[in-house]
Amino acid sequence: MSAASAMGYKSGRQREAKASASVPTIAAISYGEATLDGYAAVVRNRVLEGMISEARERELSLSLDYVPRDQASRIDQLDVLPPIVRTGQCEGLLIIGNFPGDAVSRLARQLPCVKVAGYTPNVSVDCIHHDDLSSMEMLVDHLWSLGHRRIGFVPAADFTVERIRWSGLVLALQRRGVSLAEMGSWGFEPGSIQDHDTLAERVEDRLNNQGVTAWVAANDAEGYRLMSGLASRGIVCPRDLSVCGFDHFDPPANLPRMTSVEAPFEDLGKLAVARLHQRIRQVVSTTNHTMLSCQLVPGESTGAVPSTQP
């Protein structure tokens, strides 16, 4: 022990005491269960990768936890908050994902908070998000250049992010002279359809009877589910129909890679940590909503309007 001490080694308690005295601690809570899989896990892991990298760079201690979906509206309650937040051992909190705005607002009144990868426009809290409006403009511009004039929206869960993307489609088409009444006759609003078989059936009907030749999905997961349902009906992308999505995920087997937008998830995590660190040191600073640009990634799911369509 004397030799170790002379060489500079510290005991566990000494290290803990030193860390608690010199390293600020921040916490991150993520929406959804710890056992998330599929595309949701990819998004979470990429955001966390950026957070961990930035926390190390700034010599911050970062505690990670999650809140199950059925508890998301109560994240400000003591029985739901992670122990490190509940006991006041952290100086600020990163809130990842689709937590309800009211719960985020109540929590932000208790300690410095930054919302990341889940925009909350009705709450006075710093938000770091990807720019879904400009992303939708890029997707519509891509489809428009291929000759598509009737473009529908593939809904997902009724979260704010889906409504922003749907609004982006409406704005992009209106700028090109398509009326809201026209869009309403062939499109679907967020949360309007949950059954994938029903969605595929209605998309086929819109294709055959109304000439809706392209669809933008709320996310890649919904887009690939639609493509799979259409394939079972003999409708192949992009021969018969074009489909775009968000997030740029790998396709399931036997489906073409979807044209999508690549969100800078790692950068979201990095910027969120930097913003929270600033918020902790400057509590009275103005609330900021920061939107990071995405990149259009053309895939194999979009093509020119089929010659049989008007």
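Please refer to the structure placed before this passage.
Residues numbered from 1 in each chain as written. Predicted model: local features only at pLDDT ≥ 70, side-chain atom pairs only at ≥ 80, totals over all residues. Heavy atoms only, no water.

Draft legend 1. Quick look at helix H6 (residues 132-145). Over its 14 residues, H6 runs 20 Å from end to end, which matches the ideal 20 Å to within 8%, given 1.5 Å per residue. Along H6, the residues classified as buried are Asp-132, Ser-135, Met-136, Leu-139, Val-140, His-142, Leu-143 and Trp-144. One side-chain oxygen at the N-terminal end of H6 lies 3.3 Å from the backbone nitrogen of Leu-133; it belongs to Asp-131. Once H6 ends, the next one or two residues include Gly-147, with phi positive near 100 degrees. (Helix = DSSP H or I, 4+ residues; strand = E, 2+ residues; numbered from the N terminus. Expected span 1.5 Å × (residues − 1). Buried < 20%, exposed > 50% of the residue type's maximum accessible area, 1.4 Å probe, protein only. Polar contact = N/O pair within 3.5 Å; in protein donor to acceptor, adjacent residues only side chain to side chain.)

Draft legend 2. Inspection of the sheet that holds strand E7 (residues 214-217) at higher detail. With parallel pairing, the three strands of this open sheet are ordered in space as E6-E7-E8. In this open sheet, the two edge strands, each paired with only one partner strand, are strand E6 (151-154) and strand E8 (242-244). Between one strand and the next, the sheet's axes are offset by a mean angle of 25 degrees, whatever the strand orientation. With four bridges connecting them, E6 and E7 associate as parallel partners. Following the sheet pairing, Val-154 is matched in E7 by Ala-217. (Pairing = 2+ DSSP bridges. Axes fitted to C-alpha atoms, helices over the stretch in contact; angles between N-to-C directions.)

Draft legend 3. Geometry of the pairing of strand E1 (residues 25-31). Of all seven residues in E1, seven are buried; the element is thus mostly enclosed. Neither face of E1 is left uncovered, since the one carrying Thr-25, Ala-27, Ile-29 and Tyr-31 and the one carrying Ile-26, Ala-28 and Ser-30 both have all their residues buried. As defined by bridge partners, E1 adjoins strand E2 (residues 61-67) across seven bridges and the pair is classed as parallel. The residue of E2 that forms the bridge with Ser-30 is Tyr-66. Taken together, E1, helix H3 (residues 38-57) and E2 constitute a β-α-β crossover, and its handedness is right-handed. Summarising the sheet, E1 and strand E3 (residues 92-96) pair through five bridges and their orientation is parallel. When the sheet's bridge partners are listed, Ile-26 is paired in E3 with Gly-92. (Right-handed = clockwise from strand over helix to strand, strands pointing away.)

Draft legend 4. Main features of the packing of aromatic side chains. Enumeration over the complete set of coordinates arrives at two aromatic pairs. With a centroid separation of 5.5 Å and 90 degrees between ring planes, the pair formed by Tyr-31 and Phe-99 is classed as edge-to-face. Here the residue Tyr-31 occupies a position in strand E1, and Phe-99 occupies one in the loop between E3 and helix H5 (101-108), the gap between them amounting to 68 residues. One exposure class covers both Tyr-31 and Phe-99, and it is buried. With centroids separated by 5.3 Å and ring planes inclined at 15 degrees, the aromatic side chains of Phe-188 and Trp-215 adopt a geometry described as stacked. With Phe-188 in the loop between helix H8 (180-186) and helix H9 (196-210) and Trp-215 in strand E7, this residue pair connects regions lying 27 residues apart in the sequence. Above the ring of Phe-246, the side-chain terminus of Arg-165 is found at 4.1 Å from the ring centroid. The cationic tip of Arg-176 hangs over the ring face of Trp-144; the distance from NZ or CZ to the ring centre is 6.0 Å. (Phe/Tyr/Trp six-rings, centres within 6.5 Å; stacked < 30°, edge-to-face > 60°. Lys NZ or Arg CZ within 6 Å of the ring centre and 35° of its normal.)

Draft legend 5. How the structure looks around the environment of Leu-81. Checked against the element boundaries, Leu-81 lands in the loop between E2 and helix H4 (83-86). The class of Leu-81 is buried, set by a relative accessible area of 4%. The spacing of Leu-81 and Gln-71 is ten residues in sequence and 9.8 Å in space, taken between C-alpha atoms. Leu-81 has contacts with Ile-75, Asp-76, Arg-86 and Leu-107, leaving out every residue within four places of it along the chain. (Contact = heavy atoms within 4.5 Å.)

Draft legend 6. Geometry of the pairing of strand E10 (residues 289-292). Of the two faces of E10, only the one carrying Thr-290 and Leu-292 is buried; His-289 and Met-291 on the other face are not. Where strand E5 (residues 126-130) meets E10, four bridges bridge the pair, whose relative direction is parallel. Across the sheet, His-130 pairs through a bridge with Leu-292, a residue of E10.

Draft legend 7. Spotlight on the packing of H3 against helix H11 (residues 265-281). Where H3 meets H11, the axes come as close as 7 Å, and the angle between the chain directions of the two elements is 45 degrees. Relative to H11, the element H3 is oriented oblique. Every pair of crossing elements has a handedness; the one defined by H3 and H11 is right-handed. Counted together, Val-43, Arg-46, Val-47, Glu-49, Gly-50, Met-51, Ser-53, Glu-54 and Ala-55 of H3 and Phe-265, Glu-266, Gly-269, Lys-270, Ala-272, Val-273 and Ala-274 of H11 form the full contact between these two elements. (Parallel < 35°, antiparallel > 145°, perpendicular 65-115°, else oblique. Left-handed = near helix turned anticlockwise from the far one by under 90°.)

Draft legend 8. Structural detail: the state of the cysteines. For the structure shown, the criterion picks out zero disulfides. With no disulfide of its own, Cys-90 has Cys-113 as its nearest cysteine by sulfur position, at a separation of 8.6 Å. The class of Cys-90 is buried, set by a relative accessible area of 10%. Sulfur of Cys-127: no disulfide; nearest cysteine sulfur belongs to Cys-113 and is 11 Å away. Given a relative accessible area of 0%, Cys-127 falls into the buried group. (Disulfide = S-S within 2.5 Å.)

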